[in-house]
Amino acid sequence: MTDTYRHKGLRNKLVQSLRKKGITDERILSVMNQIPRHFFLEKAFEEQAYKDQAFPIGCEQTISQPYTVAFQTQLLEVKKREKILEIGTGSGYQAAVLASLGARVFTIERQEALYKKTKQLLDDLGFSGIRMYFKDGYLGLPEFAPFDKILVTAGAPEVPEKLLKQLKIGGVLVVPVGVKIQRMLRIIRLSEDEFKQEEWGDFRFVPFLSGIQKRGL
Ligand code: SAH
């Protein structure tokens, strides 16, 4: 895998376009300017890796659109050393962004083939601090809870209750909720049983499915 001047130039343009679309957190723009997104895509999509689009990554799944990655990350307000749980590892790109911001990242994927492929990739790229699990994300990771932040990168039909319970007090869950179109929700845990919910516009994600899938790519 090589990261050429051409890739860097295209990446810089992509980041400029994210800024124009309203992403204001310079730390996020800076890590997205550093991470070669084309490493996370099939060779066939290499030429298009720096378009602001989602692309297929196998198992009927997609790498999220860069704007969506930046937007969700911005909503999380990531601070260094925070413990963050991501649901839906997919290509590993979002996890790499979180880790590059200094978070301690735990990530869950339900597709075995994607889990294996992405684990290898993240290790090869030096992201060996990211802890990856082949599990059903609906259950979260109770053994490592509570988390400062939880990020769901698949469209959930409703707010996943088990994940709310794995937040610290003051912790934040960012989750797109809806069936065909998802409303981006940011939910802040105010106390043991009080939550504040904000809505941040409509997005489209692949579905948050229950159970695990032991199948090849
Ligand atoms: N964050 C990813 C986005 C991948 S798309 C990236 O940066 O590429 C969403 C992912 O969520 C898919 O890989 C899908 O298999 C996964 N997913 C869906 N339901 C899940 C569940 N219950 N547990 C874990 N992962 C799930």
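Given the structure is predicted, the values throughout are model-derived calculations rather than measurements.

Engineer: Any chance you could break down the overall build of the protein chain for me, citing the residues and the numbers?
Structural biologist: For the protein chain, the helix and strand inventory stands at 6 helices and 9 strands. Scaling as 2.2 N^0.38, a compact globule of 217 residues should have a C-alpha radius of gyration of about 17 Å, and the protein chain matches this with 16 Å. Long-range contacts, defined as pairs at least 24 residues apart, comprise 54% of the intrachain contacts of the protein chain with a sequence gap of at least 6. If you sum the accessible surface of the protein chain, you get close to 10,400 Å²; carbon and sulfur atoms cover 53% of it. On the protein chain, the mean spot of the 34 positive side-chain charges and the mean spot of the 26 negative ones are 4 Å from each other.

Engineer: Break down the site of the ligand for me, citing the residues and quoting the values.
Structural biologist: Around the ligand, the structure places 27 residues, and the nearest of them are Glu-86, Ser-91, Glu-109, Gly-137 and Leu-209. Arg-110 has a polar backbone atom sitting 3.3 Å from a nitrogen atom of the ligand. A distance of 3.1 Å separates a nitrogen atom of the ligand from a polar side-chain atom of Thr-153. Calculation on the ligand without its partners gives an accessible area of 570 Å², and the protein chains cover 99% of this total. If you list the elements that add at least two residues to the shell around the ligand, you get strand E2 (61–63), strand E3 (83–87), helix H4 (93–100) and strand E4 (104–109).

Engineer: Let's hear about the sheet that holds strand E8 (residues 182–189): which residues, and what values?
Structural biologist: Reading across the sheet, the 7 strands line up as E5-E4-E3-E6-E7-E8-E9 and stay open at both edges, with mixed pairing between neighbours. Single-partner strands in this sheet number two, and they are strand E5 (131–134) and strand E9 (195–203). The mean angle between the axes of side-by-side strands here comes to 15°, regardless of whether they run parallel or antiparallel. As defined by bridge partners, E3 adjoins E4 across 5 bridges and the pair is classed as parallel. Residue Ile-87 lies in a different strand from E4, and its bridge partner there is Ile-108. Its contacts with the sheet place helix H3 (residues 66–76) against strand E6 (147–152), strand E7 (167–177), E8 and E9, and it is angled at close to 155° to E7. Strands E3, E4 and E6 of the sheet are contacted by H4, whose axis makes an angle of about 170° with E4.

Calculation notes
Residues numbered from 1 in each chain as written. Predicted model: local features only at pLDDT ≥ 70, side-chain atom pairs only at ≥ 80, totals over all residues. Heavy atoms only, no water. Helix = DSSP H or I, 4+ residues; strand = E, 2+ residues; numbered from the N terminus. Rg over C-alpha atoms; globule rule 2.2 N^0.38 Å. Contact = heavy atoms within 4.5 Å. Areas by Shrake-Rupley, 256 points an atom, 1.4 Å probe, with all protein chains shown as cover. Lys, Arg positive; Asp, Glu negative; His and termini not counted. Charge placed at Lys NZ, Arg CZ, Asp CG, Glu CD. Near = heavy atom within 4 Å. Polar contact = N/O pair within 3.5 Å; in protein donor to acceptor, adjacent residues only side chain to side chain. Pairing = 2+ DSSP bridges. Axes fitted to C-alpha atoms, helices over the stretch in contact; angles between N-to-C directions.

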